[in-house]
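So you can see what is in the structure, the chains are spelled out below.
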Amino acid sequence: MPEMPEVQGLTTFLADRAVGRTITRATVSAIAALKTYDPPITALQGATITAAARRGKFVVLSCGDELHLVFHLAKAGWLRWYETLPTTLIKPGKSPIAVRIALDDGSGFDLTEAGTKKSLAVYVVRDPQEVPGIARLGPDPLDPTFDRDAFAALLEDRRMQIKGLLRDQAVIAGIGNAYSDEILHAARMSPYAIAGKLDDSEIDRLFDAMRETLTEASGKPPADLKDAKRRGMQVHARRGETCPVCGDTIRSVFFADRSLEYCPTCQTGGKVLADRRLSRLLK
């Protein structure tokens with residue numbers, strides 16, 4: 001799933017390439033992806049893109065103050081940019097293309113989604129706050145005003161495991177499964193640590209790891225984002241490989257629709273966390 005660094009890379013690219021261009025055509029080929037009907041998507045035609053911004057994992061393309069194209073790429077979505085947009089007809093149900101946006105210089109982009117589980121979400125709204133997922137977002141971890149003390153205040157008295165808290169978009173915006181694994185490894189912290197019980201030194205380590213991990217991962221060109229993400233991971237999706245810090249074997253814990261990865265030596269004092277899926281199979 002694209003997370004904050006990948007979404008930021010796309011936003012930066014669109015700010016450079018799409019801002020100032022006029023939308024000449026907006027085509028929906030997967031109607032389930034479009035979550036709004038007023039304004040209609042046809043309202044984008046003839047509108048000039050004036051800004052590109054990221055809100056958590058959402059991309060917001062603004063056409064003035066009262067018309068915005070917002071999208072969330074979800075688990076298997078992506079943006080495919082063309083300097084010369086194809087003219088071939090998109091056949092609904094026969095292509096991964098969900099939405100096509102054509103611009104006045106002949107360029108444009110497709111919003112695509114692979115796989116059978118369709119979660120890509122596209123909105124045309126008068127105010128980005130009309131999008132439910134944006135309205136409930138917590139603070140952005142790279143916002144200059146979100147400092148160590150603000151982070152500590154979010155953790156205070158929370159009984160959540162820190163892995164879940166980092167992934168909760170209503171608490172902190174933009175971090176998902178992959179980068180929460182990376183942040184916790186960099187902070188040398190168990191994913192099961194209770195947020196409200198962290199001491200000052202642990203909060204310091206976690207805050208610094210979060211800022212450094214996300215900053216380092218942001219800013220790569222869109223064409224390189226997915227490969228760069230995979231290459232840059234220390235533990236996520238590297239089960240069975242050697243930890244680059246200590247040499248221990250990276251382990252996984254599996255859940256219904258995802259897994260977490262961690263290093264026992266770096267994060268849990270050598271303790272191997274119970275794999276609940278495997279435990280059920282052995283009963």
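Residues numbered from 1 in each chain as written. Predicted model: local features only at pLDDT ≥ 70, side-chain atom pairs only at ≥ 80, totals over all residues. Heavy atoms only, no water.

## Topic: the overall build of the chain
Here is step 1: Broken down by element type, the chain carries nine helices and ten strands.
Here is step 2: Taking 2.2 N^0.38 as the reference for a compact globule, 283 residues should give roughly 19 Å; the C-alpha atoms of the chain span a radius of gyration of 20 Å, in line with that estimate.
Here is step 3: Once the C-alpha set of the chain is aligned to its principal axes, its extents read approximately 60 × 40 × 30 Å.
Here is step 4: Buried residues in the chain amount to 50% of all 283 residues.
Here is step 5: Intrachain contacts of the chain at a sequence separation of at least 6 include 64% that bridge at least 24 residues.
Here is step 6: Within the structure as shown, the chain displays about 13700 Å² of accessible surface, and the carbon and sulfur contribution to it stands at 51%.
Here is step 7: When the 39 basic and 36 acidic side-chain charges of the chain are each reduced to a single mean position, those positions are 9 Å apart. (Helix = DSSP H or I, 4+ residues; strand = E, 2+ residues; numbered from the N terminus. Rg over C-alpha atoms; globule rule 2.2 N^0.38 Å. Buried < 20%, exposed > 50% of the residue type's maximum accessible area, 1.4 Å probe, protein only. Contact = heavy atoms within 4.5 Å. Areas by Shrake-Rupley, 256 points an atom, 1.4 Å probe, with all protein chains shown as cover. Lys, Arg positive; Asp, Glu negative; His and termini not counted. Charge placed at Lys NZ, Arg CZ, Asp CG, Glu CD.)

## Considerations on the environment of Asp104
Here is step 1: As for its placement among the helices and strands, Asp104 is situated in the loop between strand 6 (97-103) and strand 7 (108-113).
Here is step 2: Judged by its relative accessible area of 38%, Asp104 falls in the partly exposed class.
Here is step 3: On a C-alpha basis, the gap between Asp104 and Ile23 in space is 6.2 Å, while along the polypeptide they are 81 residues apart.
Here is step 4: With residues up to four places along the chain from it excluded, the contact list for Asp104 reads Arg21, Thr22 and Thr24.
Here is step 5: Only 2.7 Å separates the side chain of Asp104 from the side chain of Arg21, close enough to count as a polar contact. (Polar contact = N/O pair within 3.5 Å; in protein donor to acceptor, adjacent residues only side chain to side chain.)

## Here's the deal with the environment of Arg251
Here is step 1: Mapped onto the secondary structure, Arg251 falls in strand 9 (residues 251-254).
Here is step 2: Separated by 95 residues in the primary sequence, Arg251 and Glu156 place their C-alpha atoms 29 Å from one another.
Here is step 3: Those residues in contact with Arg251 that lie beyond four places of it in its chain are Leu260, Glu261, Tyr262, Pro264 and Val272.
Here is step 4: One polar contact links the side chain of Arg251 to the main-chain carbonyl oxygen of Thr249, over a distance of 3.5 Å.

## Some thoughts on the nonpolar core
Here is step 1: By size, the foremost hydrophobic cluster in this structure holds 32 residues, and its most contacted members are Leu14, Leu44, Phe71, Phe109, Leu111 and Val122.
Here is step 2: At the level of elements, helix 1 (4-17), strand 1 (23-28), strand 3 (58-62), strand 4 (68-72), strand 5 (77-82), strand 6, strand 7 and strand 8 (121-125) are the ones that each hand at least two residues to this core.
Here is step 3: Broken down by element, the residue count for this core peaks at four residues, all from strand 6.
Here is step 4: Filtering out sequence-adjacent residues up to four positions away, Leu111 remains in contact with Phe71, Leu73, Trp78, Leu79, Pro96, Ile97, Ala98, Val99, Leu120 and Val122. (Core = buried A, V, L, I, M, F, W, Y, C linked by side-chain atoms within 4.5 Å.)

## Brief notes about the packing of helix 5 (residues 177-186) against helix 6 (residues 200-217)
Here is step 1: Look at helix 5 against helix 6: their axes get within 8 Å of each other, and the N-to-C directions meet at 130 degrees. One finds that helix 5 runs oblique with respect to helix 6. In terms of crossing hand, the pair formed by helix 5 and helix 6 is right-handed. Counted together, Tyr179, Glu182, Ile183, Leu184 and Ala186 of helix 5 and Leu206, Ala209, Met210, Thr213, Leu214 and Ala217 of helix 6 form the full contact between these two elements.
Here is step 2: Its residues assigned to classes, the contact of helix 5 with helix 6 comprises nine nonpolar, one polar and one charged. (Axes fitted to C-alpha atoms, helices over the stretch in contact; angles between N-to-C directions. Parallel < 35°, antiparallel > 145°, perpendicular 65-115°, else oblique. Left-handed = near helix turned anticlockwise from the far one by under 90°. Nonpolar A, V, L, I, M, F, W, Y, C, P; charged D, E, K, R; others polar.)

## Section: the sheet that holds strand 8
Here is step 1: Spatial strand order, 2-3-4-8: four strands in an open sheet with antiparallel pairing. Each edge of the open sheet is held by one strand with a lone partner, namely strand 2 (51-55) and strand 8. The average undirected angle you get between the axes of adjacent strands in this sheet is 20 degrees.
Here is step 2: Bridging between strand 2 and strand 3 involves five bridges; their strand directions are antiparallel. Looking at strand 3, one finds that Ala52 is bridged to Leu61.
Here is step 3: Docked against the sheet, helix 1 engages strand 2, strand 3 and strand 4, running at close to 170 degrees with respect to strand 2. (Pairing = 2+ DSSP bridges.)

## What to know about the sheet that holds strand 1
Here is step 1: With antiparallel pairing, four strands are arranged side by side in an open sheet as 1-6-7-5. Strand pairing shows two members of the sheet lacking a second neighbour, strand 1 and strand 5, which therefore form its edges. Pairwise comparison of adjacent strand axes, ignoring direction, gives a mean angle of 15 degrees for this sheet.
Here is step 2: Bridge analysis of strand 5 against strand 7 gives six bridges, and the strand direction is antiparallel. Looking at the pairing, Arg80 lines up with Asp110 of strand 7.
Here is step 3: Relative to strand 5, helix 1 is tilted by about 25 degrees, and along the sheet it contacts strand 5 and strand 7.

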